[in-house]
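Spelled out from the first residue to the last, the chains are:
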Amino acid sequence: MYRKIMTMAAGALVLGLSTLSAEAAGKNICVSWKTFQEERWKTDEAAIKAVVEGAGNKFFSADAQGSAAKQQADIEGLITQGCNVILVVAFDSDAILPAFQAAADAGVKMISYDVLVEHPDALYVTFDNVGVGRLMAKTMLEKGKQEGDFAFIKGDKGDPNATFLFQGIMEVLKPNMDAGKIKNVCETFTDGWKPDAAQKNMEQCLTSVNNKVDAVISENDGMAGGVVAALEAQGLAGSVPVTGQDGDKAALNRVALGTQLVSVWKDSRVLGKAAAEFANMIADGKAAAELPGVGKFSGGAKGVEVNAVLIPPNPVTKDKLNEVIEAGWVSKDEVCAGVAAGSVPACN
């Protein structure tokens, strides 16, 4: 799948294409976001922008607003207007392939940021998403439920990360499933990873099984919020453990409150910083294969081998909330809002 993968240590600018100039001082480093509405991308962008501008380069970004067609047009515009390197968080990894090929033809370097696009010329920079899935499932078995009726709320069908996460989840849960200890009673993809869509999926699941759900594996924090809302409506929040990932502030508060078991924390400041440093190096002429710590990855659906860096994540449960607070990721007040005195060590 992959080898020699490096372990990294640790304000949106609305794009006006006319503002880009190949003659401007420094190189143009650009980002195409699949949607800028999710909380975490604002953190990523701040980290990327700081490193890009700190190196004397120019930073620009575009918001595809959850549209594959708009993202295609955005990237074509970025190519035309003089971007030297484009980081892309793909909305649909297959639909965006023509844009990646157009970039390759134009000599523009591409980075698949967080979401894999299987183009051989693109550098893939992400957290280890199969590993994230493993951590969610492992935490569920260790601190949640080891058996019972499990529901699986997966991400968007067009996003490879949804499949990578599920792969890791199944690796860990399979022995218990094969032994008949865990039963998969609901499994569904969620359009656009949207919390409201996840809530509807969970509501439909609960209806179909007469509320007999013992655990929910939700593939990210936003969807976990929708899942918890559906559970709350049935008086099940807190008794049914729910997973998530991203380290969203609301999710970390749910962990403290006991309505979410774990949020696998992917410090996007680390990811953004690493990707921006790579983008600066590539813009200066360094080949992706020569970047420090880069290995090969071929675990996508098509098996296309790409240069990649996978960063390890960190599962945050109630007893580890101090780690995100001490790292400055989130404030104690945000984590501990509404938490009963003495119930959570990090909130004392």
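Residues numbered from 1 in each chain as written. Predicted model: local features only at pLDDT ≥ 70, side-chain atom pairs only at ≥ 80, totals over all residues. Heavy atoms only, no water.

> Please clarify how the confidence of the model for the protein should be interpreted in this entry.
Do not read the predicted coordinates in detail wherever pLDDT is low. Residues of the protein with pLDDT of at least 70 account for 93%, and the chain-wide mean is 92. Counting contacts from residues 1-24, a segment whose pLDDT is below 50, to residues more than four positions away or on other chains yields 61 contacts. (pLDDT = per-residue confidence, 0-100. Contact = heavy atoms within 4.5 Å.)

> Honestly, empty space enclosed by the protein in this entry has me stumped. Any pointers?
In this approach the atoms are scanned with a rolling probe the size of a water molecule, which exposes any empty space left behind. Considered as a void within the structure, the largest cavity measures approximately 100 Å³ in volume. Surrounding the largest cavity, Lys34, Glu38, Arg40, Trp41, Asp114, Asp159, Asn161, Trp193, Asn220, Gln245, Asp246 and Lys266 form its lining. Its residues assigned to classes, the lining of the largest cavity shows 2 nonpolar, 3 polar and 7 charged. Domain assignment of the residues forming the lining of the largest cavity places at least three in each of domain 1 (7-128 + 267-312) and domain 2 (145-260 + 317-347). Considering only enclosed or pocket space, the second largest cavity measures out at about 50 Å³ in volume. Taken together, Tyr124, Thr126, Phe127, Asp128, Asn129, Val130, Phe164, Phe297 and Leu310 form the lining of the second largest cavity. Among the secondary structure elements, those contributing two or more residues to the lining of the second largest cavity are strand E6 (123-127) and helix H4 (129-143). Ranked by residues supplied to the lining of the second largest cavity, first place goes to E6 with 3 residues. Grouping the amino acids of the lining of the second largest cavity by side-chain chemistry returns 6 nonpolar, 2 polar and 1 charged. (1 Å grid on protein atoms, 1.4 Å probe; cavity = no way out; pocket = protein on both sides within 12 Å on 5 of 7 lines; lining within 4 Å. Points joined across faces, edges and corners; volume = space filled by probe spheres on them. Nonpolar A, V, L, I, M, F, W, Y, C, P; charged D, E, K, R; others polar. Domains from an automatic or database assignment. Helix = DSSP H or I, 4+ residues; strand = E, 2+ residues; numbered from the N terminus.)

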